Amino acid sequence: MTAADTDIERRWELFRRWGPYGLLGGATILSAATAELMPSTAERYAAAVLVLAAFALQLYWGRAGRSRPGPTPAGAVYYTLRWALGFALTWLNPFFAFYAVTGYFDADKLLPGGKRWQRAGPFACSVAVAGSQAGGMPFRSGAQWALFAGLLVVNNVLLTVISDLSAQEEERSRVRAATIAELERTNAALQQALDENAALHAQLLLQAREAGIADERRRLAAEIHDTIAQGLTGIIAQLQVVASTPDPAAAHEHVRRAADLARHSLGEARRAVQNLAPVALTHDGLPQALEKLVARWSEQNGVRADFTLTGTEEHLHAEVSATLLRITQEALANAARHASASRVGVTLSFMGDEVTLDVRDDGRGFDPLTLPERTGTGGFGLDGMRARAERIAGSLTVESEPGYGTAVSARVPLVRHDR
């Protein structure tokens with residue numbers, strides 16, 4: 001039930017409780033003003049006694065009715081007594097019909113037995129009302145009887161029409177209340193699903209981050225084994241030869257080789273450290289870090305490069321920022337090594353619940369379906385960039401064609417920084 005329905009029902013309850021007093025009081029005043037309609041003293045005394053009895057009945061039911069809500073036998077007895085008093089008063093003075101109409105408003109609340117008896121009550125009340133409208137009872141001519149019969153029919157037709165309209169309105173109210181209740185249940189279920197989805201999203205992000213950390217550790221372990229450890233092994237081997245050879249020229253050659261291996265291993269160590277911790281994000285947000293990265297790349301490679309930010313900037317989760325920065329670094333490195341481009345554009349876009357990163361160049365392009373096998377001397381490559389995006393529930397697409405440049409686009413969820 002809506003708030004409006006509740007308010008209407010409350011007003012009806014007030015009317016059913018206090019309405020009979022008002023109608024009885026009004027009818028009594030009108031009857032007193034038309035006392036000539038009761039010429040005998042006995043009739044006036046009878047009217048006074050009946051008014052007091054009606055008032056006492058209302059006082060009694062005002063207390064007793066609270067403990068007997070709904071249609072009950074006690075309610076039927078009260079309704080019948082009130083009707084009898086109203087009919088008797090209307091017989092004495094037609095203006096007491098105002099009190100008799102009380103039975104129109106609460107028959108469904110007092111009379112048990114279903115619609116049949118709930119229609120019989122208002123019909124009985126309409127007898128007193130029609131008699132009052134016909135000039136008062138008892139009737140003194142056949143014309144008055146005919147007028148009474150016609151008025152009785154009209155009153156009951158109106159009662160039937162109003163009753164049917166009220167029933168239809170009540171049915172619509174019940175349907176509306178059921179619809180609202182169903183919508184509330186649906187909204188509650190939807191909110192619960194949204195809450196569960198948010199919790200699941202956070203859990204997936206945490207799992208993705210943990211998987212990314214584990215994958216990064218495995219990658220670093222493999223790189224250390226394949227580059228730094230092997231380089232150190234080579235250095236040791238060269239130095240062992242130097243220690244065991246008496247030829248100065250041969251020793252010098254092996255020392256040179258050891259130095260070359262040491263420089264190469266140092267470069268590999270520096271690259272591994274750079275890939276592990278994005279220093280560019282220590283003091284800057286992702287847009288500022290990308291802008292500086294693009295400017296530095298442009299200066300180092302002598303190629304025009306522009307950075308563009310669209311949408312309203314958000315403070316991203318560190319894992320998201322690091323992923324997009326690494327993808328940009330790898331895409332720019334690929335452009336420097338392979339594209340021979342004259343212009344490069346990097347665009348970072350904040351779009352509602354996701355972030356997109358686009359790196360475009362006008363270089364030589366390539367056929368994405370015929371990529372060469374990855375070598376141990378390169379970086380992560382396209383597969384590495386795609387793996388980075390997928391670790392945080394994102395995706396990466398590459399569009400390229402020989403002679404028409406390359407476009408790398410990463411799309412990831414917008415996950416804000418935990419404050």
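Residues numbered from 1 in each chain as written. Predicted model: local features only at pLDDT ≥ 70, side-chain atom pairs only at ≥ 80, totals over all residues. Heavy atoms only, no water.

> Which residues make up the overall build of the protein chain, and what values go with them?
Of regular secondary structure, the protein chain possesses 11 helices and five strands. Taking the intrachain contacts of the protein chain between residues at least 6 apart in sequence as the baseline, contacts between residues at least 24 apart amount to 69%. Just so you have it, the protein chain exposes about 24800 Å², and 62% of that area is on carbon and sulfur atoms. (Helix = DSSP H or I, 4+ residues; strand = E, 2+ residues; numbered from the N terminus. Contact = heavy atoms within 4.5 Å. Areas by Shrake-Rupley, 256 points an atom, 1.4 Å probe, with all protein chains shown as cover.)

> I'd like a description of the confidence of the model for the protein chain, backed by residues and values.
Interpretation of the predicted coordinates at a detailed level should be avoided for regions scoring low in pLDDT. Residues with a pLDDT of 70 or more make up 89% of the protein chain, whose mean pLDDT is 84. Contacts for the low-pLDDT stretch residues 375–380, under 50 throughout, to residues beyond four places or in other chains number eight contacts. (pLDDT = per-residue confidence, 0-100.)

> Tell me about the nonpolar core, and please be specific about residues and values.
By size, the foremost hydrophobic cluster in this structure holds 39 residues, and its most contacted members are L324 and L357. Elements with a contribution of two residues or more to this core: helix 9 (286–301), helix 10 (318–339), strand 2 (343–351), strand 3 (354–361), helix 11 (381–391), strand 4 (395–400) and strand 5 (406–413). Broken down by element, this core gets its largest block of residues, nine residues, from helix 10. Aside from chain neighbours lying at most four places away, what touches L324 is L286, L348, V355, L357, A410 and V412. With 22 residues, the next largest nonpolar core counts A47, L50, A54 and L57 among its residues. (Core = buried A, V, L, I, M, F, W, Y, C linked by side-chain atoms within 4.5 Å. Buried < 20%, exposed > 50% of the residue type's maximum accessible area, 1.4 Å probe, protein only.)

> Give a description of the pattern of salt bridges that names residues and reports values.
Tallied over the entire structure, the rule returns 14 salt bridges. As a salt-bridge pair, E253 and R256 come within 2.4 Å of each other at their nearest N and O atoms. Of this pair, E253 and R256 both sit in helix 8 (residues 248–276), three residues apart, which is roughly one turn of the helix. R256 sits in the partly exposed class, given a relative accessible area of 40%. Between D383 and R386 there is a salt bridge, with the nearest N and O atoms lying 3.7 Å from each other. (Salt bridge = Lys/Arg side-chain N within 4 Å of Asp/Glu carboxyl O.)

> Explain the sheet that holds strand 3 to me, and be specific about the residues and the numbers.
If you trace the five strands from one edge of the open sheet to the other, you get 1-2-3-5-4, paired in mixed fashion. In the strand order of this sheet, the two ends are held by strand 1 (304–310) and strand 4, each with one partner. Taking the axes of each pair of neighbouring strands and ignoring which way they run, one obtains an average angle of 10 degrees across the sheet. In terms of strand pairing, strand 3 meets strand 5 through eight bridges, oriented antiparallel. (Pairing = 2+ DSSP bridges. Axes fitted to C-alpha atoms, helices over the stretch in contact; angles between N-to-C directions.)

> Kindly report on helix 10, identifying the contributing residues and their values.
Look at helix 10: 30 Å from first C-alpha to last across 22 residues, which is about the 32 Å you get at 1.5 Å a residue. Two residues or fewer after helix 10 comes S340, characterised by a positive phi angle close to 55 degrees. (Expected span 1.5 Å × (residues − 1).)

> Would you mind going over the pairing of strand 3 in detail, with residue names and values included?
Direction of pairing for strand 2 relative to strand 3: antiparallel, over a ladder of eight bridges. For F350, the partnering residue across the bridge sits in strand 3 and is V355. Between the end of strand 2 and the start of strand 3, which pair antiparallel, lie two residues, with G352 showing a positive phi angle near 65 degrees.

> An account of a nonpolar patch on the surface is needed here, citing residue identities and associated values.
The grouping of I8, W12, F15 and F105 at the surface amounts to a nonpolar patch, some 350 Å² of accessible area in total. You can see I8 is positioned in helix 1 (residues 3–33). (Patch = residues over 30% accessible without salt bridge, like charges linked within 9 Å, V, L, I, M, F, W, Y side chains within 5 Å.)

> Outline the packing of helix 3 (residues 73–92) against helix 6 (residues 115–133), listing residues and values.
Close contact between helix 3 and helix 6 brings their axes to 10 Å; oriented N to C, the two are set at 10 degrees. Judged by the inter-axis angle, helix 3 sits roughly parallel to helix 6. On helix 6, the residues that touch Y79, W83, F87 and T90 of helix 3 are G121, P122, A124, C125, V127, A128 and S132. Looking at the contact of helix 3 with helix 6 residue by residue, the class counts come to eight nonpolar, three polar and no charged. (Parallel < 35°, antiparallel > 145°, perpendicular 65-115°, else oblique. Nonpolar A, V, L, I, M, F, W, Y, C, P; charged D, E, K, R; others polar.)

> An account of unusual backbone geometry is requested, with residue identities and associated values reported.
The omega torsion across M137 and P138 is 0 degrees, close enough to zero to call that bond cis. With respect to the element layout, P138 can be found in the loop between helix 6 and helix 7 (142–244). The phi torsion at S340 lies on the positive side, around 55 degrees, for a residue other than glycine. In this fold, S340 is placed in the loop between helix 10 and strand 2. According to the relative accessible area criterion, S340 is exposed, its value standing at 56%. A positive phi angle, near 65 degrees, is found at A393, a position not held by glycine.

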